[in-house]
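# Descriptive analysis of the structure
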Amino acid sequence: MWASNPLLAASLCIAGGYLLGSVPFGVIATRLGGAGDVRKIGSGNIGATNVLRTGRRDLALITLVGDGGKGAAAVGLAWWLCGSAEAAAIAGGAAFLGHLFPVWLGFKGGKGVSTFLGTMIAIAWPAGLLAGATWIVVAFVFRFSSLAALTAVALTPIFVFLTGQTPEAKLWLAVFMAVLIFIRHHENIGRLLRGEEPRIGARPAAPASSEDVIGHNGGPPLDVK
């Protein structure tokens, strides 16, 4: 049925993927975990980085897995129902947009790095794993969360090409998501260029208030030990 009606298949992939991506795991985890509304903490972002600022690493892990998993689930379901990488790429891209612009939160979502990684691991696992490894290495060496994320997503299209991932829909999906992540990180890029982006775990000597120090995603720096 799906092969004979590509318009219906594409519509279901877009709608289903978007709704999956719109599930705000950060908001759900912090509320159910008794940590309050993550949108009123730190940067106000709904991603795992800001959830970690609640001091609850368990909730941050749940958010990380949930945000990555919803992208992977959208890809997997589309591939299972439609049997094509193109349909999976459409669903993955829709899930990514859902995370960035969730209907349940007035279209104010996260920056998409976790969902990007989950989506790429599901649709092109060699490239996705290389992207994850890149994030870890850059974060360890330079201690900038935003720089690690931007480097990983920028290199992912190259990883897709070098690992021979076909069809081209996988490559275009990686490019599409990478461009949006760069746009969403424009403030972080500005701070990196000015030398004002705090490193992971950095703690200033005596900030006047939490608003005086801005970390990745616009909030105070993480105290990662």
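Structural notes, computed from the coordinates.

Thresholds, definitions, all that
- Residues numbered from 1 in each chain as written.
- Predicted model: local features only at pLDDT ≥ 70, side-chain atom pairs only at ≥ 80, totals over all residues.
- Heavy atoms only, no water.
- Axes fitted to C-alpha atoms, helices over the stretch in contact; angles between N-to-C directions.
- Helix = DSSP H or I, 4+ residues; strand = E, 2+ residues; numbered from the N terminus.
- Parallel < 35°, antiparallel > 145°, perpendicular 65-115°, else oblique.
- Left-handed = near helix turned anticlockwise from the far one by under 90°.
- Contact = heavy atoms within 4.5 Å.
- Buried < 20%, exposed > 50% of the residue type's maximum accessible area, 1.4 Å probe, protein only.
- Nonpolar A, V, L, I, M, F, W, Y, C, P; charged D, E, K, R; others polar.
- Salt bridge = Lys/Arg side-chain N within 4 Å of Asp/Glu carboxyl O.
- Patch = residues over 30% accessible without salt bridge, like charges linked within 9 Å, V, L, I, M, F, W, Y side chains within 5 Å.
- Areas by Shrake-Rupley, 256 points an atom, 1.4 Å probe, with all protein chains shown as cover.
- Core = buried A, V, L, I, M, F, W, Y, C linked by side-chain atoms within 4.5 Å.

### Concerning the packing of helix H4 (residues 57-82) against helix H5 (residues 85-100)
It is the contact of H4 with H5, at a shortest axis distance of 8 Å, that shows an interaxial angle of 150 degrees. One way to sum up the angle between H4 and H5 is to call them roughly antiparallel. Considering only the axes of H4 and H5, their crossing is right-handed. Counting all contacts with H4, which are made through Asp67, Lys70, Gly71, Ala74, Val75, Ala78, Trp79 and Cys82, the residues of H5 involved are Ala85, Ala87, Ala88, Ala91, Gly92, Ala95 and His99.

### Examining the environment of Leu129
Residue position: Leu129 is located in helix H7 (residues 125-142). Take Leu129: its relative accessible area is 47%, and that puts it in the partly exposed class. Sequence separation of Leu129 and Gly118 is 11 residues, and the distance between their C-alpha atoms is 9.5 Å.

### Comments concerning the packing of helix H8 (residues 145-162) against helix H10 (residues 186-194)
Interaxial distance between H8 and H10 falls to 10 Å at its minimum, and their mutual angle equals 115 degrees. Judged on the interaxial angle alone, H10 and H8 are roughly perpendicular. Judged by the twist between their axes, the crossing of H8 over H10 is left-handed. For the pair H8 and H10, the contacting residues are Ser146, Leu147 and Leu150 in the first and Asn188, Ile189 and Leu192 in the second. Grouping the constituent residues of the contact of H8 with H10 by class yields 4 nonpolar, 2 polar and no charged.

### A few points about the pattern of salt bridges
Under the defined criterion, the tally for this structure stands at 6 salt bridges. The salt bridge partner of Arg191 is Glu197, with a shortest N-O separation of 2.8 Å. A relative accessible area of 6% places Glu197 in the buried class. When the shortest N-O distance is used, the salt bridge between Glu196 and Arg194 registers 3.0 Å. When its relative accessible area of 46% is taken as the criterion, Glu196 is described as partly exposed.

### Side note on a nonpolar patch on the surface
Taken together, Leu19, Leu97, Phe101, Val103, Trp104, Phe107 and Phe176 make up a surface patch of nonpolar side chains, about 640 Å² in accessible area. With respect to the helices, strands and loops of the structure, Trp104 is situated in the loop between H5 and helix H6 (113-123). Judged by relative accessible area, Trp104 falls into the exposed class, the value being 54%.

### Here we look at the nonpolar core
One finds Phe96, Phe116, Met120, Ile123, Met177 and Ile181 to be the most contacted residues of the largest nonpolar core, which totals 25 residues. Sorting the residues of this core by element identifies H5, H6, H7, H8 and helix H9 (168-184) as the ones contributing at least two each. Sort the elements by how many residues they give to this core and H9 lands first, with 7 residues. In contact with Met177, other than residues within four places in its own chain, are Phe96, Phe116, Thr119 and Met120. Judged by nonpolar contacts, the second largest core, of 8 residues, contains Val27, Ile46, Val51 and Leu105.

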